[in-house]
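# Chain and residue survey
Chain by chain, the residues run as shown.
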Amino acid sequence: MSEFIQRSLMPASAEELLAWHARPGAFERLMPPWEQIELRQAAKSLTNGERAEFVMPIGPFRQRWIAEHHALSDGVGFRDQQIVGPFTRWEHTHRMTPADPANSSSWLEDRIHYDVPLAAIGRALLGRHIHMSLERTFAYRHRVTT
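All of the points below concern the structure found in this document. Here the structure is a predicted model, which means the values were calculated and not measured.

The rules behind these values
Residues numbered from 1 in each chain as written. Predicted model: local features only at pLDDT ≥ 70, side-chain atom pairs only at ≥ 80, totals over all residues. Heavy atoms only, no water. Core = buried A, V, L, I, M, F, W, Y, C linked by side-chain atoms within 4.5 Å. Buried < 20%, exposed > 50% of the residue type's maximum accessible area, 1.4 Å probe, protein only. Helix = DSSP H or I, 4+ residues; strand = E, 2+ residues; numbered from the N terminus. Contact = heavy atoms within 4.5 Å. Arc of directions from axis to C-beta. Pairing = 2+ DSSP bridges. Phe/Tyr/Trp six-rings, centres within 6.5 Å; stacked < 30°, edge-to-face > 60°. Lys NZ or Arg CZ within 6 Å of the ring centre and 35° of its normal.

## Details of the nonpolar core
Core analysis: the biggest nonpolar cluster contains 13 residues, and Trp 65, Phe 87, Trp 90, Ile 112, Tyr 114 and Leu 134 have the highest contact counts within it. Elements with a contribution of two residues or more to this core: strand E3 (51–58), strand E4 (61–71), strand E7 (106–115) and helix H3 (119–145). No other element matches H3, which puts three residues into this core. Ignoring sequence-local partners within four residues, the contact set of Trp 90 consists of Trp 65, Asp 80, Gln 81, Gln 82, Ile 112, His 113, Tyr 114 and Leu 134.

See the structure below:
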């Protein structure tokens, strides 16, 4: 299993940050312009097992991806888990944590646990490429969110 973490200080409270992510169009706002991902169905909320569906290119092919959303039981944020998609495991936790006593800023942490098909062979062949792609994508997403 592999892990990716991106953490940034945001100029908003944790609750405001979560509300921004929950507004209609958030997925599209956060999608880097170089990605060719087509949103087929947005989730109605980020909780209660709501699902989002999109299609993304994987080499010359197009892959359907369905993510199911759940609220975090231990804080402000949400988790989405791949139900259908290219990974054997994908769990993405979006956590918002107050950064100061006045709650005027917060930390946004994106933590992804994932596994690729064919376990060790897949990690050896794809691991560096996936990690670099995640770094680029989440640097963009955190800039847009700020």
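## Points about helix H1 (residues 14–22)
Residues Ala 14, Leu 17, Trp 20 and His 21 constitute the buried set of H1. The arc enclosing the buried residues of H1, seen along the axis, measures out at 120°, which places them on a common side.

## Points about the pairing of strand E1 (residues 2–10)
Burial along E1 is one-sided: the residues Ser 2, Phe 4, Gln 6, Ser 8 and Met 10 are buried and none of Glu 3, Ile 5, Arg 7 and Leu 9 is. In this structure, E1 lies alongside E7, joined through nine bridges in antiparallel fashion. By the bridge assignment, Arg 7 is partnered in E7 with Glu 109.

## Describing the packing of aromatic side chains
This structure, assessed with the given rule, holds nine aromatic pairs. Both rings, one in Phe 4 and one in Phe 138, keep their centres 5.6 Å apart while their planes meet at 45°; by these two values the pair is tilted. Here the residue Phe 4 occupies a position in strand E1, and Phe 138 occupies one in helix H3, the gap between them amounting to 134 residues. For the pair formed by Phe 4 and Phe 138, the shared burial category is buried. Each ring, one from Phe 27 and one from Phe 54, has its centre 5.2 Å from the other, and the planes form 35°; the classification is tilted. A residue pair is termed long-range when its members are at least 10 positions apart, and Phe 27 in helix H2 (residues 26–30) and Phe 54 in strand E3 qualify at 27 residues. The class for Phe 27 is partly exposed, based on a relative accessible area of 28%. Taken together, Phe 27, Phe 54, Trp 65, Phe 87, Trp 90 and Tyr 114 form an aromatic cluster joined through their ring pairs. Taking the ring centre of Trp 20 as reference, the NZ or CZ of Arg 29 above it sits at 4.6 Å. Against the face of Trp 34 rests Arg 136, its NZ or CZ located 3.8 Å from the ring centre.

## Some remarks on the pairing of E7
Of all ten residues that make up E7, eight are buried, and the element is covered over most of its length. Bridging between strand E6 (residues 89–98) and E7 involves ten bridges; their strand directions are antiparallel. In the sheet register, Thr 97 faces E7, and the bridge partner there is Trp 107.

## Examining the side chain of Glu 53
Examined against the element boundaries, Glu 53 turns out to sit in strand E3. If we skip the residues at most four places from it in the chain, Glu 53 touches Glu 38, Leu 39, Arg 40, Gln 41, Arg 64, Trp 65 and Ile 66.

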